[in-house]
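# A structural walkthrough
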Amino acid sequence: MKSFTDGLNSRPPHTQPYFELVVVGTSLGGLSALELLLKKLPVTFPAAIAIVQHRHKDSDTSLSQFLQSCSVLPLKDAEDKEAIVPGQVYLAPADYHLLVEDVGRFALSTEMPVSYARPSIDVLFESAADAYGARGIGVILTGSGRDGAQGLARIKARGGLAIVQDPKTSESRMMPEAAIATTAVDWILPLADIAPRLIHLCQPVIR
């Protein structure tokens, strides 16, 4: 039986989130989907979040400003060579691919569009999979086209988790259906259930 002094003399357990990076991809219908997702995440959410939303190359900062109004987490356009901070939301800038260069840092690229898109969901997801492996989660939301399907498959292949919005709750079913057809996803969820799942998965665990 442990005594009272045992508890006083023991070192406090070290806690950290098992999943350190959540990458999110969306296209048609993504604005309202991201609004709902971000509104449901608490200020204590411990993982970093990186988002690719397909948008026109000449779009301004109004998207990040709108999404910040929906989120209690700090949100900004990602910058080249920027360190990845837990609890921060990053948005791929217009007309740039967003990549995870190594564990803990972003990079921006103006290489050719992938799947007709720059920023490309596949580019972000594949680089995140290579850098974070089993500590990453990929989320595909509503959208048209197939961008993100191969990237989500890479996340699964590297030991991460894959979540896809239920096509029945998507404004555009094409992107979720392409992801589901390409890889064995872990969860197919209504939009309203994705944030609670992320909160549960990213809770700190005792090491």
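Residues numbered from 1 in each chain as written. Predicted model: local features only at pLDDT ≥ 70, side-chain atom pairs only at ≥ 80, totals over all residues. Heavy atoms only, no water.

### Some thoughts on the overall build of the protein chain
Under the convention used in this document: To qualify as a helix, a DSSP run of H or I must reach at least 4 residues; to qualify as a strand, a run of E must reach at least 2; elements of each kind are numbered from the N terminus. Residue exposure (1.4 Å probe, protein chains only): buried if accessible area is under 20% of the type maximum, exposed if over 50%, otherwise partly exposed. Any pair of residues with heavy atoms lying within 4.5 Å of one another is described as a contacting pair. Throughout, the Shrake-Rupley method with a 1.4 Å probe supplies accessible areas, and for residues the shown protein chains are the sole cover considered.
When helices and strands are counted, the protein chain shows seven helices and 11 strands. For the protein chain, with 207 residues in total, the buried portion stands at 50%. Expressed as a percentage of contacts within the protein chain between residues at least 6 apart in sequence, the contacts between residues at least 24 apart total 71%. For the protein chain, the computed accessible surface area is about 9800 Å², with 55% contributed by carbon and sulfur atoms.

### Digging into the pairing of strand 9 (residues 161–165)
Applied cut-off: For two strands to be treated as a pair, DSSP must find at least two bridges joining them. A clockwise course of the path from the first strand over the helix to the second, judged with the strands pointing away from the viewer, identifies a crossover as right-handed.
Among the five residues of strand 9, five are classified as buried, and the element is accordingly described as predominantly covered. Note: strand 8 (residues 136–140) against strand 9, four bridges, orientation parallel. Directly across from Ile137, in strand 9, lies its bridge partner Leu161. In this fold, strand 8 hands off to helix 5 (residues 149–157), which returns the chain to strand 9; that crossover is right-handed. Where the polypeptide runs from strand 9 across helix 6 (residues 174–182) and back to strand 10 (residues 187–189), its parallel neighbour, the crossover connection is right-handed.

### Quick notes on empty space enclosed by the protein
What counts is decided by this rule: Lining residues are defined by having an atom within 4 Å of a point belonging to a cavity or pocket. Those points lie on a 1 Å grid over the protein atoms alone, cavities being sets where a 1.4 Å probe fits but cannot get out and pockets being open sets with protein on both sides within 12 Å along at least five of seven lines. Grid points are joined across faces, edges and corners, and a volume is the space filled by probe spheres set on the points. Only Asp, Glu, Lys and Arg are considered charged in this grouping, and only Ala, Val, Leu, Ile, Met, Phe, Trp, Tyr, Cys and Pro are considered nonpolar; every other residue, Gly among them, is considered polar.
Summed over all chains, the structure comprises one cavity of 30 Å³ or more. Elements represented by at least two residues in the lining of the largest cavity include exactly strand 2 (21–26), helix 4 (121–132) and strand 8. Of the residues that constitute the lining of the largest cavity, the class distribution is six nonpolar, two polar and no charged.

### Some remarks on the nonpolar core
Inside soluble globular proteins, nonpolar side chains tend to come together where they are buried. Test applied: Take the buried residues of types Ala, Val, Leu, Ile, Met, Phe, Trp, Tyr and Cys, join any two whose side-chain atoms come within 4.5 Å, and each joined set is a nonpolar core.
Counting 30 residues, the largest nonpolar core has Val22 and Ile137 as its most contacted members. Elements with a contribution of two residues or more to this core: strand 2, helix 2 (30–39), strand 3 (48–53), helix 3 (62–70), strand 5 (89–91), strand 8, strand 9 and helix 7 (191–201). No other element matches the five residues that helix 7 contributes to this core.

### A short note on the side chain of Asp166
Locating Asp166 in the fold gives a position in the loop between strand 9 and helix 6. Sequence-distant contacts of Asp166, that is, excluding residues within four places in its chain, are made with Ile188, Leu189 and Pro190.

### Some details on the packing of aromatic side chains
Threshold: Centres within 6.5 Å are what make two rings of Phe, Tyr or Trp a pair, Trp counting through its six-membered ring; a difference in plane orientation under 30 degrees is then read as stacked, over 60 as edge-to-face, and the rest as tilted.
Applying the stated criterion to the full structure yields two aromatic pairs. Residues Tyr18 and Phe19 carry aromatic rings whose centres are separated by 4.9 Å and whose planes lie at 90 degrees to one another, so their mutual orientation is edge-to-face. Ring geometry for Tyr90 against Phe106: centres 4.8 Å apart, planes inclined by 65 degrees, an arrangement best described as edge-to-face. Taken together, the positions of Tyr90 in strand 5 and Phe106 in strand 7 (residues 105–109) put the pair 16 residues apart, joining distant regions of the chain. Both residues of the pair, Tyr90 and Phe106, count as buried.

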